[in-house]
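Structural overview for review
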Amino acid sequence: MTRATVYEAPRSAPRSAGETVVTTTCGHNCGGRCVVNAHVADGRIVKISTDTRPWNPDHPPLPACARGVAQIERIYHPDRLLHPLRRIGPRGSGQFERISWDDALDQAAGELRRVRATYGNAAILDASRSGSLSMLHGRAAAQRFLNMFGGCTVLWSNMSAEAEIFSVRTTFGPRTPYKSAGREPTDYANSKLILMWGWSPGDGTFGTSTMPYLKWAKRQGTHIICIDPRRTETSRQLADEHIFIRPSTDTAALLAMAYVAVTEGLHDQDFCDRYVLGFDDAHLPPGAPAGASWRAYLLGEADGVPKTPEWAEPITGIPAATLRRLAITFATTKPAALHAGYAPGRTAYGEQFHRAAYALAAITGNIGIPGGNSGVSNGATGRAGIKSLPTGRNPIAARVASPLLADLLARGTAGGYPADIKLIYTAGGDLFNQCPNVTKTAGALDGVEFLIAQDHFLTPTARYADLVLPATTFLERNDVHTPWSGAGHYGIFMRQALAPMGECRNDIDIFAGLARRLGIAGYNDKTEQDWLRELTADAVDDFAAFTNQGVARFPPPEHAVAFAREIRDPETCKFSTPSGRIEIYATTLAENPDPCGLGAIPPIPTWIDSETPAAYPLRLCTPKSRARTHSIHGNQPRFARIDPDTIWLHPTDAAVRGITNGQHVRVFNAHGATTLPAEITDRIAPGVVAIKEGAWFTPDATGTDTNGCANVLATDRAAPCGATTYNTNNVQVVPTTQRPVPTSLGGG
């Protein structure tokens with residue numbers, strides 16, 4: 001019997017006659033979708049509360065983290081953008097003057113029209129992103145407008161998860177949504193063993209109920225092992241064992257584990273025979289060369305190098321005995337689940353990590369069964385039918401991988417890119433801070449003739465804008481959102497709590513004003529409520545109940561684990577790969593080794609080394625901060641105290657450099673430098689340092705960042721699949737006695 005949708009209002013009653021309580025959720029890109037209840041009195045939010053129901057695995061509550069509660073500080077921040085601004089000083093100086101909305105929209109429309117007429121639509125870059133994230137307002141509104149204007153150059157790759165997206169489509173088939181290729185948190189307790197590989201939902205929220213379900217699984221007896229360069233918050237709370245690994249070497253460790261499973265006869269040959277393409281030579285596709293199988297590669301038959309634990313030890317820093325024990329434990333514990341996080345895929349050859357993880361899950365027979373997992377970190381469902389604002393088609397075939405933004409701006413057509421960028425439009429995007437090689441990006445703006453930033457604050461990106469347009473936050477408008485990590489089946493109606501502050505306008509209304517000036521018909525032909533009713537129609541059967549109650553709980557899927565149907569009935573329900581099987585040997589890559597034009601990718605998961613420059617011997621990883629969602633909240637110093645910005649150094653590395661705990665240090669490489677306090681800790685592997693991503697770029701007069709912005713140290717390169725390479729970077733760290741004075745705080 002199919003369960004009906006349940007509507008609920010997880011909020012307390014008003015505390016007084018003059019108070020109302022409004023349910024919404026953070027419109028940010030943290031992966032969670034929590035209940036944020038705004039208590040409003042006299043037109044002002046006086047308190048934020050959340051879902052306080054007790055834990056119930058059959059119907060989990062949706063409590064907010066500290067970031068949700070911190071929204072009250074954010075919305076009333078003294079640096080909140082309240083009026084349109086025009087730049088009057090040098091770019092990056094933070095010098096602006098207040099102008100009217102008519103003047104701002106007239107100028108924006110005029111510049112868009114001029115650049116299109118002079119250079120063509122490809123000279124316009126959409127740099128919008130996920131700083132304001134929901135179904136109606138935010139990035140989709142920008143995409144819809146720019147597509148209706150004639151198109152633009154786009155940054156196509158997902159900055160968080162492109163390596164996983166590519167690998168899911170390559171291994172399991174192009175019709176497989178990557179957010180639906182893992183398993184539901186409700187299944188965690190069915191695992192006897194969970195390997196959490198580079199995945200820390202305790203630091204970066206990865207679904208509101210993910211951590212509670214992991215804790216529940218642990219209470220039911222699930223053994224949890226974390227593999228990570230850092231002992232993360234997740235590892236601290238959950239791990240029975242933590243295994244340190246050097247960043248960017250995860251593929252080598254997975255290959256060594258697969259080697260042990262194969263040579264010890266612990267792999268599931270029957271599963272491979274029935275469901276897998278390319279594990280051994282007997283199951284290669286027609287036309288594949290002899291010896292091209294993954295098994296042959298693991299055993300060294302292809303290159304003369306067996307992928308033994310002894311081979312992997314000097315690469316990964318994991319002792320061979322530990323790798324062998326881990327491999328045997330994973331292969332013999334049934335069922336076992338491998339959850340491969342995004343972080344090891346944000347490396348120079350990140351697609352190899354994810355493909356190797358999926359291959360290891362396959363050869364051990366753990367895919368498509370309760371308690372097992374495909375190796376994918378996301379859930380097994382998606383948005384339950386809730387849609388985003390339709391964006392239409394971009395008429396311009398000008399696409400650039402997101403990590404290459406700095407190089408695109410610096411070299412344009414001379415560097416082989418599709419256009420010289422003359423105008424940038426960014427709505428809810430802080431890419432100058434979040435893309436790699438920040439200093440290069442800031443220095444490459446001479447050729448950009450106009451930059452429009454639509455945001456809530458004068459972010460590091462908006463600080464370089466010619467025109468700044470103040471947008472509403474999620475608390476000042478109506479919208480709908482769903483959990484993107486698949487951790488639960490529900491939608492939240494984001495009821496407006498406040499009238500827009502100052503002169504702030506909704507994203508879709510700003511673009512509607514531009515559309516009218518540019519003669520674009522049909523951009524916004526519905527009311528806000530009509531849009532939301534239409535976008536939720538396939539999932540919500542009682543729109544009035546949804547808007548009044550706040551939360552719609554949808555029925556769970558038939559199977560909590562992805563690919564259960566394909567494994568249960570392979571004859572009638574095949575994978576969407578060309579072969580209909582799990583492709584360890586990717587037929588699409590055999591036919592076209594360079595599908596993204598960014599470098600060749602082998603058809604089987606392969607170890608490809610990245611050099612460590614002698615001048616910069618420390619490997620840098622850039623984890624999430626519990627005090628930010630990427631760069632959001634980066635200008636809230638009181639909130640930052642819950643997870644201060646420091647650089648983690650192992651005691652050995654600190655000692656040889658004469659660095660003491662709390663001392664200010666300079667971190668640098670060929671791309672740039674930043675300063676921040678040192679945190680000496682054995683929670684990080686030797687030879688590795690960690691700086692939490694998202695701190696706002698705040699340069700001094702010499703160009704050195706003074707605020708711990710990790711991306712000043714990141715190379716603007718893309719993995720062959722288009723993924724970011726934040727965790728394949730090397731630095732040096734030295735003590736410094738001077739704390740440079742920033743030239744501009746950029747509203748922070």
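This one's a predicted model, so the numbers in the text were calculated from it and none came from an experiment.

Analysis parameters
Residues numbered from 1 in each chain as written. Predicted model: local features only at pLDDT ≥ 70, side-chain atom pairs only at ≥ 80, totals over all residues. Heavy atoms only, no water. Helix = DSSP H or I, 4+ residues; strand = E, 2+ residues; numbered from the N terminus. Rg over C-alpha atoms; globule rule 2.2 N^0.38 Å. Buried < 20%, exposed > 50% of the residue type's maximum accessible area, 1.4 Å probe, protein only. Contact = heavy atoms within 4.5 Å. Areas by Shrake-Rupley, 256 points an atom, 1.4 Å probe, with all protein chains shown as cover. Phe/Tyr/Trp six-rings, centres within 6.5 Å; stacked < 30°, edge-to-face > 60°. Lys NZ or Arg CZ within 6 Å of the ring centre and 35° of its normal. Pairing = 2+ DSSP bridges. Axes fitted to C-alpha atoms, helices over the stretch in contact; angles between N-to-C directions. Salt bridge = Lys/Arg side-chain N within 4 Å of Asp/Glu carboxyl O. Core = buried A, V, L, I, M, F, W, Y, C linked by side-chain atoms within 4.5 Å.

For the rest of this paragraph, the subject is the overall build of the protein chain. The helix and strand tally for the protein chain stands at 23 helices and 27 strands. Taken against the 2.2 N^0.38 rule, which gives 27 Å for 748 residues, the C-alpha radius of gyration of the protein chain at 25 Å falls within 12% of a compact globule. Taken along the three principal axes of its C-alpha coordinates, the protein chain extends 70 × 65 × 50 Å. Looking at the 748 residues of the protein chain, the share that counts as buried comes to 62%. In the protein chain, the proportion of contacts linking residues at least 24 apart, taken out of those at least 6 apart, comes to 75%. In the structure as shown, the protein chain presents an accessible area of about 25,700 Å², 50% of it carried by carbon and sulfur atoms.

What follows is about the packing of aromatic side chains. Per the stated rule, a full pass over the model turns up 18 aromatic pairs. Summarising the aromatic geometry, the rings of F172 and Y358 are spaced 5.4 Å apart at their centres and angled 40° between planes, so their arrangement reads as tilted. Pair noted here: F172 is in helix α5 (residues 162-172) and Y358 is in helix α13 (residues 350-363), with a separation of 186 residues, a long-range link. The exposure class assigned to F172 is buried, which follows from its relative accessible area of 0%. Each residue in the set F145, F149, Y425, F511 and Y523 is aromatic and connected to the rest through ring pairs, giving one cluster. Between the NZ or CZ atom of K526 and the centre of the ring of W531, over which it lies, the distance is 4.3 Å.

This part covers the sheet that holds strand β1 (residues 6-8). One key point about sheets: their strands pair by backbone hydrogen bonds, in either a parallel or an antiparallel sense. Ordered in space as β1-β20-β19-β18, the four strands form an open sheet in which the pairing is antiparallel. Two strands bound the open sheet, and with one partner strand each, they are β1 and β18 (479-481). Mean inter-strand twist for the sheet, computed between neighbouring axes without regard to direction, equals 20°. Where β18 meets strand β19 (residues 490-494), three bridges bridge the pair, whose relative direction is antiparallel.

A few words on the pattern of salt bridges. In total, this model carries 34 salt bridges according to the counting rule given. The shortest N-O distance in the salt bridge between D106 and R517 comes to 2.7 Å. Placement of D106 in helix α3 (residues 101-119) and of R517 in helix α17 (residues 507-517) is noted, with a sequence separation of 411 residues between them. For D643, the salt bridge is made with R626, and the minimal N-O distance between the two is 3.7 Å. In this pair, D643 sits in the loop between α22 (637-640) and β23 (647-649) while R626 sits in the loop between β22 (618-621) and α22, placing the two residues 17 residues apart along the sequence. Residue D643 is classed as buried on the basis of its relative accessible area of 10%.

Here we come to the nonpolar core. Counting residues in each nonpolar core, the largest one holds 79 residues, and the members touching the most others are W197 and W294. The element that contributes the greatest number of residues to this core is helix α8 (residues 250-263), accounting for ten residues. Apart from the residues within four sequence positions on either side, W294 is in contact with L255, A258, G278, F279, A356, A359, L360, I363, I584, I604 and P605. With 52 residues, the next largest nonpolar core counts F96, Y417, A462 and A714 among its residues.

What follows concerns the environment of I691. Tracing the sequence through the fold places I691 in strand β26 (residues 688-691). A C-alpha to C-alpha distance of 6.8 Å links I691 and P623, two positions 68 residues apart in sequence. For I691, the residues in contact, after removing those within four places along its chain, are L620, C621, T622, P623, T646, I647, V667, T674, L676, G708, A710 and L713.

This part is about the sheet that holds strand β16 (residues 450-455). With respect to topology, eight strands assemble into an open sheet ordered β6-β5-β17-β16-β15-β7-β8-β14, the strand pairing being mixed. Edge strands, defined here as strands with exactly one partner in the open sheet, are β6 (96-98) and β14 (399-400). Strand direction decides the pairing type here: strand β7 (residues 124-126) and strand β15 (residues 423-427), joined by three bridges, are parallel. When the bridges of β15 are listed, D126 appears paired with Y425. Across the face of the sheet, helix α4 (residues 139-148) comes into contact with β7, β8 (153-155) and β15 while running at roughly 155° to β7. Across the sheet, α17 lies against β15, β16 and β17 (467-470), angled at about 145° from β15, the strand it touches most.

Turning next to unusual backbone geometry. Of note, the bond from K334 into P335 is cis; its omega dihedral lies within 30 degrees of zero at -10°. Mapping P335 onto the fold places it in the loop between α12 (320-332) and β13 (336-340). Here S248, not a glycine, exhibits a phi torsion of approximately 75°, which is positive. If you trace the backbone, S248 turns up in the loop between β11 (241-243) and α8.

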